[in-house]
Amino acid sequence: MPKKDNSNPRQAPISAQPRIHQRAKEIQAYGTVSHALPLELEEPVRLEMTEQLNQLLADTMTLRDLYKKSHWQVAGPTFYQLHLLFDKHFNEQVEIVDEIAERIQLLGGISLAMAPDIAETTRIERPPRGREEVPVQISRLLDAHQIIIGHCRQLSSRASELGDEGTNDLVVSDVLRPNELQVWFLSEHLVDVPLVQAEDPGMRRAG
Ligand SMILES: [Fe+2]
């Protein structure tokens with residue numbers, strides 16, 4: 001009978017028993033990129049881009065969560081429209097998060113993913129746990145958009161400069177433009193116009 005080879009741990013006896021509670025060393029450390037990828041983009045370029053994209057990712061994940069917080073906690077006469085608008089923007093930010101994270105992975109890097117890592121990395125101010133009034137909710141969202149939009153402008157030109165047009169295109173088309181549009185929809189809610197009666201005295205007399 002041939003001797004059984006136990007040198008390879010993968011050749012364990014076949015069993016229907018699930019092997020749960022497993023742990024092992026990481027296969028790639030955070031902050032590194034795979035060496036050999038046929039992308040015609042040098043490793044230092046991919047290192048810089050993935051680092052920048054992770055910052056953008058952390059800020060976008062924070063903005064996404066700020067939208068859900070606002071969706072749940074909004075109060076007042078504009079509750080219904082804002083409840084729906086905040087959730088629409090949340091869903092769009094979910095898509096953006098996925099686009100950024102997968103760009104980092106395809107460049108050979110590692111995307112941030114977990115809430116504690118996002119909290120340590122984001123530059124967006126942490127809101128209180130409690131509820132805030134609508135103008136404050138919207139202001140917080142606009143401040144977060146401003147951080148992301150500013151970063152997009154800087155990152156897109158840096159990506160172009162380094163020859164990473166894929167990142168440039170993603171940042172402009174999939175992050176910058178939707179963020180600009182969301183800013184418009186939000187900021188119009190902070191214009192102080194009368195709800196029912198015009199404030200112009202001439203108009204009031206005419207009425
Ligand atoms: Fe909901």
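Before going into details, it helps to say that this report is about the structure given with it.

Parameters and conventions
- Residues numbered from 1 in each chain as written.
- Predicted model: local features only at pLDDT ≥ 70, side-chain atom pairs only at ≥ 80, totals over all residues.
- Heavy atoms only, no water.
- 1 Å grid on protein atoms, 1.4 Å probe; cavity = no way out; pocket = protein on both sides within 12 Å on 5 of 7 lines; lining within 4 Å.
- Points joined across faces, edges and corners; volume = space filled by probe spheres on them.
- Helix = DSSP H or I, 4+ residues; strand = E, 2+ residues; numbered from the N terminus.
- Nonpolar A, V, L, I, M, F, W, Y, C, P; charged D, E, K, R; others polar.
- Salt bridge = Lys/Arg side-chain N within 4 Å of Asp/Glu carboxyl O.
- Buried < 20%, exposed > 50% of the residue type's maximum accessible area, 1.4 Å probe, protein only.

## So, empty space enclosed by the protein
Inference 1: Enumeration over the complete set of coordinates arrives at one cavity of 30 Å³ or more.
Inference 2: Here the largest cavity is characterised by a volume of approximately 50 Å³.
Inference 3: Surrounding the largest cavity, L66, K69, S70, Q73, P127, G130, E132, Q137 and R140 form its lining.
Inference 4: Every element with two or more residues in the lining of the largest cavity is listed here: helix 1 (43-73) and helix 4 (134-161).
Inference 5: Looking at the lining of the largest cavity element by element, the count peaks at four residues for helix 1.
Inference 6: Along the lines of polarity and charge, the residues of the lining of the largest cavity split into two nonpolar, four polar and three charged.

## Considerations on the pattern of salt bridges
Inference 1: According to the stated counting rule, one finds 10 salt bridges in the structure shown.
Inference 2: Between R123 and D59 there is a salt bridge, and its shortest N-O distance comes to 3.1 Å. Placement of R123 in the loop between helix 3 (115-121) and helix 4 and of D59 in helix 1 is noted, with a sequence separation of 64 residues between them.
Inference 3: We classify R123 as partly exposed; its relative accessible area is 45%.
Inference 4: You can call D59 buried: its relative accessible area is 0%.
Inference 5: With a closest N to O distance of 2.7 Å, D87 and K68 form a salt bridge.

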